[in-house]
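For reference, the chains in residue letters:
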Amino acid sequence: MPRIAIIGSGFAGMGLGIQLKQQGIDTFTIFEKADAIGGTWRANTYPGAECDIPSALYSYSFENFDWPNKWSHQPVIKDYLEHCAETYGLWAHIRLETPVTELRWVEEVGAWDVDATPEGGETTTERYDVVVSATGQLSRPRWPDIDGLDSFAGPVFHSAEWDHSVDLKGKRVASIGAGASAVQYVPQIAKDAAKVTVFQRTPNWIIPKNDRDYTEIEKSLIRRSRVARNLRRFMIFARAELLGYDLMHQKSFVRDFMQKFAVKNLQEKISDPDKVAKLTPDYPMGAKRVLFSDDFYEAIEEHDVDIVTDRIDKVTGDAIVTVSGMDQDHVEHQVDVIVVGTGFHTQDFLTPMTVTGPEGRNLNEQWQEGPQAHLGLTVSGFPNLFFMYGPNTNLGHNSIVLMIESQCRYILSALRQMAARSIQAIEVKAEVQQAYNDELSRRLADSAWVLIEDSWYLQGGKVTNNWVGRTTEYRRRTNHADLDEYHLRPKPALTKAG
Ligand SMILES: Cc1cc2nc3c(=O)[nH]c(=O)nc-3n(C[C@H](O)[C@H](O)[C@H](O)COP(=O)(O)OP(=O)(O)OC[C@H]3O[C@@H](n4cnc5c(N)ncnc54)[C@H](O)[C@@H]3O)c2cc1C
């Protein structure tokens, strides 16, 4: 059986571990740099953290849970992942606080040497036939480059590293950033804080979530009936693929209607015309991730929440200083606590790992201009290395878990064929990867994501993160690993001793 190293214990790494076990493959290790499993849902403990795809679909297709409401909160999703680890016997395979720092291809044996270096500890090296990187697109918090931020006298922390020891009651809190996380935590902290000032670069298209608790009757039906479970999943899926998918394109049938609906909602919820103007996007809906919220606008109306759109010039010991207008007027905003909600390093798919392939080829250097892979899964020049949630596999409209399950199928299909045909290593052909990425570029030119200059989907104007089609197309194309698209290296023939 092949020895498999999986790096990361989020939905992707765990999902693959479960599928391997179900296929009777036990020879895998899940390396996790943090001290607990769950990835995104371990790290993002900020108040109000929750998913924005309903939990019934934002979960594995093979494992239901007693979801209390439609869009579960972070502690419930973390519980779900821990429940899965327990149910499917993953704990014995997981190594916590073990960051993988380097992968080196060993040509003589056709395998990878995997270095892991615990903080303050010694590097250990183990050999694996196959490596799967499942390190996530949103697992490396990004800090803004602002003069003086480190000289601020009060607490400063990132939303993905929330400091729960800081009591925000009665404090003046600044949120640098107004994106997906801020839209969730601002309503929560506004309840207690004396004042919240949101420093916003780009407003978001926000539509109501209409969240609600499931009734006991619904929960009982879901527990008992597979048909009810599948129907609930299908309804959410169909809505995302019909409405959400349409918005991801420049030509959209629903955009006009949806934008009018969102603006009407904003104008109904917020009475101050200046705030309404600041919160109204000037780009087409779909170009950035559309957000869902039942309480962001409400919090701005009901509590002392200010929206500042002027550029931040610097941070002093007790204030954030902005500049505005032709005269470059400086305004000091006195605050006690700064929350940094500026998202993640989304293009550094490898950081902080170094990947050295055959002939000393360095994947970090190869991806300097932007990461590229075949189906987001494999990279030419790097045998037996798979990516999950890799380049161009993020979605703007549906559950990432659907993509992750497709990737599991593909990797298992490749492993099965390698075992059956006695293949030591597979490496995707350069021309296959190129043709695939040419197709992506052609199709992405019609996407809504290129209608905006800056977003986390883009690197140098190129869409590096998002998948271009429907999730069903991705499922079809990854259902089976076509080994004709790969260079194959047979296993060495066994020789009789003596
Ligand atoms: C706040 C928030 C809300 C979101 N909501 C949704 C949603 O509603 N719907 C949706 O579809 N998607 C959502 N996403 C996207 C989400 O990231 C994915 O859905 C999914 O959780 C990704 O799972 P993953 O396993 O690929 O990555 P992650 O969950 O990021 O897990 C990666 C793991 O790899 C570990 N790791 C990284 N580098 C190393 C290393 N060198 N060595 C060892 N371990 C390493 C990390 O510590 C982490 O545990 C959200 C993201 C965020 C941040």
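These figures come from a predicted structure and were not determined experimentally. (Residues numbered from 1 in each chain as written. Predicted model: local features only at pLDDT ≥ 70, side-chain atom pairs only at ≥ 80, totals over all residues. Heavy atoms only, no water.)

Draft legend 1. Summary view of the sheet that holds strand E6 (residues 124-128). Taken in spatial order, the four strands line up as E6-E5-E4-E18 in an open sheet, and their pairing is mixed. With one partner strand each, in any of the chains shown, E6 and strand E18 (354-356) form the two edges of the open sheet. Direction aside, neighbouring strands of the sheet carry axes that sit 15° apart on average. The pairing of strand E5 (residues 111-116) with E6 spans five bridges and is antiparallel. Bridging across to E6, Asp115 finds its partner in Thr125. (Pairing = 2+ DSSP bridges. Helix = DSSP H or I, 4+ residues; strand = E, 2+ residues; numbered from the N terminus. Axes fitted to C-alpha atoms, helices over the stretch in contact; angles between N-to-C directions.)

Draft legend 2. Local environment of the side chain of Ser447. With respect to the secondary-structure elements, Ser447 resides in the loop between helix H12 (430-444) and strand E22 (458-459). Within the local environment of Ser447, its side chain forms a polar contact with the backbone oxygen of Leu444, the two atoms lying 2.8 Å apart. Aside from chain neighbours lying at most four places away, what touches Ser447 is Met248, His249 and Gln250. (Polar contact = N/O pair within 3.5 Å; in protein donor to acceptor, adjacent residues only side chain to side chain. Contact = heavy atoms within 4.5 Å.)

Draft legend 3. Spatial organisation of the nonpolar core. Among the nonpolar cores identified, the biggest contains 83 residues, and Ile4, Ile6, Phe11, Leu20, Tyr60, Val132 and Met388 are the most heavily contacted of them. Examining the composition of this core, we find that 12 residues originate from one element, helix H11 (residues 400-420), more than from any other. Both domains that meet at this core, namely domain 1 (4-140 + 345-490) and domain 2 (149-205 + 249-340), each give it at least three residues. Every residue in contact with Ile6, bar those within four places of it in the chain, is listed here: Gly13, Leu16, Gly17, Leu20, Phe28, Thr29, Ile30, Phe31, Val132 and Ala134. Listed in part, the 31 residues of the second largest apolar core include Val183, Ala190, Ala193 and Ile307. (Core = buried A, V, L, I, M, F, W, Y, C linked by side-chain atoms within 4.5 Å. Buried < 20%, exposed > 50% of the residue type's maximum accessible area, 1.4 Å probe, protein only. Domains from an automatic or database assignment.)

Draft legend 4. Local environment of the sheet that holds strand E3 (residues 94-95). Read across the open sheet, the six strands follow the order E3-E2-E1-E7-E20-E19; overall the sheet is mixed. The open sheet has two edge strands with one neighbour each: E3 and strand E19 (378-379). Bridge count for E19 against strand E20 (residues 382-387) is two bridges, and the pairing is antiparallel. The partner of Thr378 across the bridge, within E20, is Phe386.

Draft legend 5. Molecular detail of the site of the ligand. With respect to spatial proximity, 33 residues lie near the ligand, and among them Glu32, Thr40, Asp52, Tyr58 and Ile400 are the closest. In this structure, Thr40 approaches the ligand through a main-chain N or O atom, which is 2.8 Å from an oxygen atom. Here an oxygen atom of the ligand and a backbone polar atom of Asp52 are 2.6 Å apart. Of all the elements in the fold, those that place two or more residues in the shell around the ligand are helix H1 (11-22) and helix H2 (40-43). The element best represented in the shell around the ligand is H2, accounting for three residues. Looking at the shell around the ligand, its residues break down into 17 nonpolar, 12 polar and four charged. (Near = heavy atom within 4 Å. Nonpolar A, V, L, I, M, F, W, Y, C, P; charged D, E, K, R; others polar.)

Draft legend 6. Fine view of the pattern of salt bridges. This model, assessed by the stated rule, comprises 26 salt bridges. Its salt-bridge partner being Asp52, residue Arg289 comes within 2.9 Å of it at the nearest N-O pair. One end of the pair, Arg289, is in the loop between helix H8 (273-279) and strand E12 (291-292); the other, Asp52, is in the loop between H2 and helix H3 (74-87), and 237 residues separate them in sequence. Since its relative accessible area comes to 17%, Asp52 is described here as buried. Note that Lys78 and Glu82 form a salt bridge whose closest N and O atoms lie 3.1 Å from each other. With Lys78 and Glu82 both in helix H3 and four residues apart, the pair spans about one turn of that helix. The exposure class assigned to Glu82 is partly exposed, which follows from its relative accessible area of 26%. Salt bridges sharing partners connect three or more residues here, namely Glu439, Arg443, Glu473 and Arg477. (Salt bridge = Lys/Arg side-chain N within 4 Å of Asp/Glu carboxyl O.)

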